[in-house]
Amino acid sequence: MDVGADEFEESLPLLQELVQEADFVGLDIEFTGLRSNLSGPQQISLFDLPSEWYLKTRQSVQQFTICQIGLSVFSAIEGEANKYIAHSCNFFLFPTTFGILDSEFSFQASSVQFLNQYGFNYNKFLKNGIPYMNEEQEKKIRHDILTGNWRVRSSPDKDQIKAVIDKVTRWLDLAKEGDWMTLPGIAGFQAFEVQLVLRQALPDIWTVLKDEGVVVKKVSKQHRWYLQNTSCDRESCWKEKILLSARGFSVFFQMLVKAQKPLVGHNMMMDLLHLHEKFFRPLPESYDQFKQNIHSLFPVLIDTKNVTKDIWKEMNFPRVSNLSEVYEVLNSDLNPTKNSGPEIVHASRCEKYVKTKCPHEAAYDAFLCGSVLLKVAHLLLQKIHGIDPVPESSFPQYLDVLAPYVNQVNLIRAGVPKINFSGPDYPSIRPPILILSIKRWPGVSEQQVYHKFQNLCKFDVRRLTRSQFLLLTNKFKDARNVLKEYRGHPTLCISLYRYWRHSPDVNCVLQVCGIVTAWALLAFIFGRSGP
């Protein structure tokens, strides 16, 4: 089911009911871009501590925006053993342009091409995207509207409002009291915006929003006063409606937070960063504060990338590179619990994915996340019990076997493989750092070192001194291969990096200590040989 601005408010009550009754919610998000073109020390690398990775990635999140959110709400079917129903929805989003809010964001060419390749509907995103704002933006808008300081700031809105006022003013000159006209093609919260301006600018009109558009009626000043103070459409209530419409998807985000359901994603770190920035608050500078905020919003997070990494090693499943391939393996005969695992059906209004595969459509990927979670959890439960089928499988049981993975979110290209949102991060289990010492290659750069080794294995490279570089890979096999291949090389010497032996800072301190010790020794010797 695809939901844009036109359908969103009508679907809110149903969505709220679904989330409240759900066992868990699958999530996937599509963005206008993923990474800023960072270079040098700002580039993401395996050398980064989680806090360093966060600060670098934070810049990208602030630069790009969300174009589509997919949710798949999973609920166990009452009275049927281990059977779940999934309600899957695509939400097309576009930042709120209202009053002082006029967001700037970037497109990354590769991301646009990627989504276009999979049939992404850019028209729906740009023309009918659901508005949204975070809490800080909402506070500013609320203050301006309720205190009467609200103004139209963006140029396109000003041009539209000016044209509407001119049209209504010309009509008023000829209209009689009680006459009315319709302004078609104005919908959503922008219809509230137009009405607010018209009511402020023209004291002898009243406006009503109907299906066909904004209806403007000519009234006396006494009747206008009466409508403003006694109507169910009086100004105070009406301004709250404006705020509700301008908040858009943020209203549903708050419902999702309040429900406190387990949130399931695949490689979901970027999703969480954007959820915080776009719907909660601007990302803080403190990495620890970010972790605390996310944990308070979503106390139970499960990243299927993190779960399946361990399962794949144990079960000796074939290598996979994406979520769709993970789903296919778990649905194949390679999965020993394929026939006894949970049964998943699509809801009546969400049957698009019964026969159609739509990779990288957010709701489809969200559905895959939830399905993978249930199948992997059943596999883990079967391993614990040692029998198949497992009697009376239930989602609480699945959560119990998934406990080691809860709030452990996969991290791509960093010094640690995952982030722990419910406590301190675990120490790195990456291969050891290697040190490359170069002879007879003056002026060599990090890029040249990278290209030198890329055919053998891929390393992240960081300069240590003028002739020394640190090499780091996420594969133990690559580290062993390069040590073996370059053993005894005449110009490229590679060995394990030892901080106390190779660090320039430590060497500097030791040299200073050596000099001080030598001078002290000389002073002692010459002092004793004196008269």
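Computed from a predicted model, the values in this text were never measured in an experiment.

## Some remarks on the environment of Ala191
Step number 1: Examined against the element boundaries, Ala191 turns out to sit in helix α7 (residues 189–201).
Step number 2: On the basis of relative accessible area, Ala191 is assigned to the buried category, the value being 0%.
Step number 3: Through-space distance from the C-alpha of Ala191 to that of Ile242 is 9.0 Å; in sequence the pair is 51 residues apart.
Step number 4: Each residue touching Ala191, except ones within four places of it in the same chain, is listed here: Ile186, Leu209 and Val214.

## Points about the sheet that holds strand β18 (residues 492–496)
Step number 1: Read across the open sheet, the four strands follow the order β16-β17-β15-β18; overall the sheet is antiparallel. Looking at the sheet topology across the chains shown, the edges are occupied by β16 (460–463) and β18. With direction set aside, neighbouring strand axes in the sheet form an average angle of 25 degrees.
Step number 2: Looking at chain direction, strand β15 (residues 434–438) and strand β17 (residues 468–472) are connected through four bridges and run antiparallel.

## Here we look at the pairing of β17
Step number 1: Here β17 lies mainly inside the structure; five of its five residues are buried.
Step number 2: Taking every second residue as pointing to the same face, both faces of β17 are buried, with Gln468, Leu470 and Leu472 on one and Phe469 and Leu471 on the other.
Step number 3: Strand direction decides the pairing type here: β16 and β17, joined by four bridges, are antiparallel. Of the residues in β17, the one forming a bridge with Arg463 is Phe469.
Step number 4: Connecting β16 to the next strand, β17, in antiparallel fashion are four residues.

Calculation criteria
Residues numbered from 1 in each chain as written. Predicted model: local features only at pLDDT ≥ 70, side-chain atom pairs only at ≥ 80, totals over all residues. Heavy atoms only, no water. Helix = DSSP H or I, 4+ residues; strand = E, 2+ residues; numbered from the N terminus. Buried < 20%, exposed > 50% of the residue type's maximum accessible area, 1.4 Å probe, protein only. Contact = heavy atoms within 4.5 Å. Pairing = 2+ DSSP bridges. Axes fitted to C-alpha atoms, helices over the stretch in contact; angles between N-to-C directions.

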